Amino acid sequence: MKPIPTLPDRDGLAPSYFWLQPGPWTCMLDFLCQRYDAVSAEAWRSRMQRGEVRNQHGECLQPDSPYRVGDCIFYYRELAQPEAVIPVQEHILHLDEHVLVADKPHFLPVIPTGRFVQQTLLVRLKKTTGLKHLVPIHRLDRETAGVIVFSHRPETRGKYQSMFQQRTMQKVYEAIAPLRPGLALPLLHRSRMEEIPGQFFRMHEVDGEPNAETRISLIEPRGQWGLYRLEPVTGRRHQLRVHMAGLGMPIVNDLFYPQPVPVGVADDLDRPLKLLARSLSFIDPLDQSPRHFESRRAL
């Protein structure tokens, strides 16, 4: 169960938290410096002096506070360098008393991670709507644009999350990729996908029982390219990108598949990944009404 935060949201960002596990540490500063070695001891002291590191009882922790196994620690994520603004704009497609549906732009992460905190879809939407309980109920890669659903009512969140866990919704993507003469379409591509050892989050296809399925069809040719309709039956990480690359049709501007491309820190906003979560359809678990949401973006 997610603990109740003892720090308020700050600038649209909920505090992070972790549970203290058995270990050799005697004081909190030693533990924090070892767990987060990219954050200096001076930075942790400053946060503690400002009352921004607390336990589940609301107690402000100090550098010499004892390390107590079982405590839950709350703190704010901070970046060492100023966060650059990502000059793209999200749009709200739908908002009711239970869910918010957004049309995400390319390059914008959904949730805070790594070098992105304020420049994330979740934090932006919290700040514009004031919905403090907003949570995404499925994934969408930073590089991918399109429809994504958030829950903002904790009491009903589980019912909407179960749709994605049970695969009772229909997700349709569009992608631009090379034409492959001789490949019979439409087709159902099935394979086994696993993480590539030592390559962080990249995936690849391996021998074995299939655990990933994608329906692929050609909407229209565009010169040497094709506009494809992709319908994931399963929801593996990077599934559509891996399947298209595995078929010899890597999605245009994909920097990770079939091979990673060395890039700098800055994104090339003129070369987005040509992958769009076009639409999402489901039967609402609360009133059994049909729901259909479609992106206004185009590839």
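Here, the structure is the one placed above.
Residues numbered from 1 in each chain as written. Predicted model: local features only at pLDDT ≥ 70, side-chain atom pairs only at ≥ 80, totals over all residues. Heavy atoms only, no water.

Novice: Tell me about the overall build of the chain, and please be specific about residues and values.
Specialist: Each helix and strand in the chain was counted, giving five helices and 14 strands. Projected onto the principal axes, the alpha-carbon positions of the chain cover approximately 70 × 45 × 40 Å. When contacts within the chain are restricted to residue pairs at least 6 apart in sequence, those whose partners lie at least 24 apart make up 61%. Summed over all atoms, the accessible surface of the chain reaches about 15,700 Å², with 52% contributed by carbon and sulfur. Between the mean site of the 38 positive side-chain charges and the mean site of the 34 negative ones, the chain shows a separation of 1 Å. (Helix = DSSP H or I, 4+ residues; strand = E, 2+ residues; numbered from the N terminus. Contact = heavy atoms within 4.5 Å. Areas by Shrake-Rupley, 256 points an atom, 1.4 Å probe, with all protein chains shown as cover. Lys, Arg positive; Asp, Glu negative; His and termini not counted. Charge placed at Lys NZ, Arg CZ, Asp CG, Glu CD.)

Novice: I'd love a proper account of the packing of helix H1 (residues 28-35) against helix H2 (residues 41-49), names of residues and values included.
Specialist: Packed helices, taken two at a time, are described by their axes: the angle between them and the distance between them. Where H1 meets H2, the axes come as close as 10 Å, and the angle between the chain directions of the two elements is 130°. By the angle class used here, H1 and H2 are oblique. In this structure, H1 crosses over H2, and the sense of that crossing is right-handed. Each of Met-28, Leu-29, Leu-32 and Cys-33 in H1 lies in contact with H2, whose residues at this interface are Ala-41, Trp-44, Arg-45 and Met-48. Class assignment of the residues belonging to the contact of H1 with H2 gives a composition of seven nonpolar, no polar and one charged. (Axes fitted to C-alpha atoms, helices over the stretch in contact; angles between N-to-C directions. Parallel < 35°, antiparallel > 145°, perpendicular 65-115°, else oblique. Left-handed = near helix turned anticlockwise from the far one by under 90°. Nonpolar A, V, L, I, M, F, W, Y, C, P; charged D, E, K, R; others polar.)

Novice: Can you explain the nonpolar core? Please cite residues and give values.
Specialist: Side chains of nonpolar character tend, in soluble globular proteins, to be buried together. Judged by nonpolar contacts, the single largest core of 31 residues is most densely connected at Phe-150, Leu-230, Met-244 and Leu-275. Secondary structure elements with two or more residues in this core: strand S5 (99-104), helix H3 (121-129), strand S7 (145-151), strand S8 (170-178), strand S12 (225-232), helix H5 (239-246) and strand S13 (275-283). Look past the residues within four positions of Met-244 in its chain and what remains in contact with it is Ala-177, Ile-216, Tyr-228, Leu-230, Met-249, Pro-250 and Ile-251. (Core = buried A, V, L, I, M, F, W, Y, C linked by side-chain atoms within 4.5 Å. Buried < 20%, exposed > 50% of the residue type's maximum accessible area, 1.4 Å probe, protein only.)

Novice: Describe the sheet that holds strand S2 (residues 53-55), naming the residues involved and giving the relevant values.
Specialist: The strands making up a sheet associate through backbone hydrogen bonding, with each pair oriented either parallel or antiparallel. The three strands lie next to each other as S1-S3-S2, forming an open sheet whose pairing is antiparallel. Each edge of the sheet is formed by a strand with only one pairing partner; in this case those strands are strand S1 (16-19) and S2. Taking the axes of each pair of neighbouring strands and ignoring which way they run, one obtains an average angle of 25° across the sheet. (Pairing = 2+ DSSP bridges.)

Novice: Lay out the side chain of Ser-217 with the relevant residues and their values.
Specialist: Relative to the elements of secondary structure, Ser-217 occurs in strand S11 (residues 212-222). Residue contacts for Ser-217: discarding those within four places in its chain leaves Pro-186, Leu-227, Tyr-228 and Arg-229.

Novice: So what's going on with the environment of Pro-260? Which residues, and what values?
Specialist: Residue placement: Pro-260 occurs in the loop between H5 and S13. C-alpha of Pro-260 to C-alpha of Gln-199: the two residues are 61 residues apart in sequence and 9.9 Å apart in space. The residues contacting Pro-260, other than those within four sequence positions of it, are Arg-202 and Leu-255.

Novice: Summarise the packing of aromatic side chains; cite the residues concerned and give the values.
Specialist: Counted according to the given criterion, the structure contains 12 aromatic pairs. Grouped by ring-pair contacts, the aromatic residues Phe-18, Trp-25, Phe-31, Tyr-36, Trp-44, Tyr-67 and Tyr-75 constitute a single cluster. The ring of Tyr-76 has Arg-10 sitting right over it, with the charged end atom 4.1 Å from the ring centre. Directly above the aromatic system of Trp-44 lies the positively charged group of Arg-47, at a separation of 4.5 Å from the ring centroid. (Phe/Tyr/Trp six-rings, centres within 6.5 Å; stacked < 30°, edge-to-face > 60°. Lys NZ or Arg CZ within 6 Å of the ring centre and 35° of its normal.)

Novice: Explain the environment of Ala-14 to me, and be specific about the residues and the numbers.
Specialist: Its location among the elements puts Ala-14 in the segment before S1. Spatially, the C-alpha atom of Ala-14 lies 35 Å from that of Thr-214, the residues being 200 residues apart in sequence. When neighbours within four sequence positions are excluded, Ala-14 is seen to be in contact with Asp-9 and Lys-126.

Novice: Please give an account of H5 that cites residues and values.
Specialist: Of all the eight residues making up H5, seven are buried; the element is thus mostly covered by neighbouring parts of the structure. Structurally, H5 contributes buried residues whose contacts are with S8, strand S9 (187-195), strand S10 (203-206), S11, S12 and S13. Positive backbone phi, approximately 80°, marks Gly-248, located one or two places after H5.

Novice: Explain unusual backbone geometry to me, and be specific about the residues and the numbers.
Specialist: Cis geometry marks the peptide bond from Leu-185 to Pro-186, where omega comes out at 5°. Relative to the elements of secondary structure, Pro-186 occurs in the loop between S8 and S9. Here Tyr-257 and Pro-258 are connected by a cis peptide whose omega angle stands at 5°. By secondary structure assignment, the location of Pro-258 is in the loop between H5 and S13. One non-glycine residue, Phe-107, lies in the positive phi region at around 80°. Note that Phe-107 resides in the loop between S5 and H3. According to the relative accessible area criterion, Phe-107 is buried, its value standing at 9%. The phi dihedral of Gln-288 is positive, around 65°, even though this residue is not glycine. In this structure, Gln-288 sits in the loop between S13 and strand S14 (290-294). In this structure Gln-288 comes out as exposed when scored by relative accessible area, which is 54%.

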